[in-house]
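Results of the structural survey
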Amino acid sequence: MSTHFDYLDHLEAQAIHILREVAGQFERPALLFSGGKDSITLVHLALKAFRPGKLPFPLVHIDTGHNFPEVIQFRDELAARFGEQLIVRKVEDTIRRQGLKDGFGKYPSRNALQTYTLLEVIEEFEFDACIGGARRDEEKARAKERIFSLRDEFGQWDPKRQRPELWDIYNGSIRKGENVRVFPISNWTELDVWSYIQQENIALPEIYFSHRRNCVVTPAGQLLAITEHIRLDPEDEIAVRDVRFRTVGDATCTAAVESPATTVEDIIQEILIAKISERGATRLDDRLSEAAMEDRKKNGYF
């Protein structure tokens, strides 16, 4: 076996160990599942960890209402195929219940509003741990995160309160009202995820592969898919391009990249020469400030 496959096997074993630690240490865990490649990889790892039994946690999606239809369809089909519980809670319902101000402007992202819905669903089901697919290479605020990331009773994150994690020992002790966000693939890179997808032959939504799409060119030169959720102005530059998505968040703030890549192998070759991270290249909301992600995390964002 090649050295690279040995490395992927090590990452897989670590992630499975973390998932089993979650099942062993917490009473009501959940796996946050968006239908994106990282959460799909997490589901694959969870199935390896717990099959032939049922997963010891439901799949939970915080639905902004601004999702790509291909991803939502894949999400539903995956949950049905494996016979696992899927809980969906919608941001628009939270906006109505709490009287929140919806996204505004040309690209009205609801990403920040996901926090309110996430905290609601944690309270509704009394989840004490939420598993997510965040990785340290995505954004510099992510690099401050532990595998078991402690959150206070308000869902807030304080980097100074994070616990040491030595020799793969994870501390899940929490007080009433607190919860832990768990990141089993935190040590993976974008390239690791795609290499593992290739090794395991994991199915993904077609949006990750090259396809022709109508896009609006943002002032920063990014290609944003034209959807009903963005406002087009007469002066906008419209382009029809062969694109793929490196990440699939809220459609109002997730840009595509021009690409001819139609296979996983093609995508791996593109990543090998890429000079910008996937979030740096495609997420408009991360460009609001140098600390945009960290500010959202401190307020309860995943």
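Note that the coordinates shown come from a computational prediction; the quantities given were computed from them, not determined experimentally. (Residues numbered from 1 in each chain as written. Predicted model: local features only at pLDDT ≥ 70, side-chain atom pairs only at ≥ 80, totals over all residues. Heavy atoms only, no water.)

**Digging into the overall build of the chain**
When helices and strands are counted, the chain shows 9 helices and 10 strands. Going through the 302 residues of the chain one by one, you find that 55% of them count as buried. At a minimum sequence separation of 6, the contacts of the chain that also span at least 24 residues come to 73%. When the accessible surface of the chain is split by element, carbon and sulfur atoms take 51% of a total near 14,000 Å². (Helix = DSSP H or I, 4+ residues; strand = E, 2+ residues; numbered from the N terminus. Buried < 20%, exposed > 50% of the residue type's maximum accessible area, 1.4 Å probe, protein only. Contact = heavy atoms within 4.5 Å. Areas by Shrake-Rupley, 256 points an atom, 1.4 Å probe, with all protein chains shown as cover.)

**A few points about the nonpolar core**
Counting 60 residues, the largest nonpolar core has Leu 31, Leu 45, Phe 148 and Trp 194 as the members making the most contacts within it. Here this core takes 8 residues from helix 2 (residues 37-50), the largest share from any one element. Residues lining this core come from more than one domain, with at least three contributed by each of domain 1 (2-193 + 291-298) and domain 2 (204-286). In this structure Trp 194 touches Lys 37, Leu 204, Tyr 208, Phe 209, Val 264, Ile 267, Ile 268 and Ile 271, once residues within four positions along its chain are discounted. Core analysis: the next-biggest nonpolar cluster, separate from the first, contains 14 residues, Val 91, Ile 95, Ile 122 and Cys 130 among them. (Core = buried A, V, L, I, M, F, W, Y, C linked by side-chain atoms within 4.5 Å. Domains from an automatic or database assignment.)

**A short note on helix 2**
In this model, helix 2 (14 residues) spans 20 Å end to end at C-alpha, consistent with the 20 Å of a helix rising 1.5 Å per residue. Among the 14 residues of helix 2, 13 are classified as buried, and the element is accordingly described as predominantly covered. (Expected span 1.5 Å × (residues − 1).)

**Some remarks on the packing of aromatic side chains**
One pass over the full model with this rule turns up 8 aromatic pairs. With centroids separated by 5.8 Å and ring planes inclined at 85°, the aromatic side chains of Phe 50 and Phe 57 adopt a geometry described as edge-to-face. Summarising the burial analysis for this pair, Phe 50 and Phe 57 share the class buried. Ring centres 6.3 Å apart and planes at 80° place the aromatic pair Trp 194 and Phe 209 in the edge-to-face group. On the criterion of sequence distance, the pair formed by Trp 194 in helix 6 (residues 190-200) and Phe 209 in the loop between helix 6 and strand 7 (211-217) is long-range, its members being 15 residues apart. (Phe/Tyr/Trp six-rings, centres within 6.5 Å; stacked < 30°, edge-to-face > 60°.)

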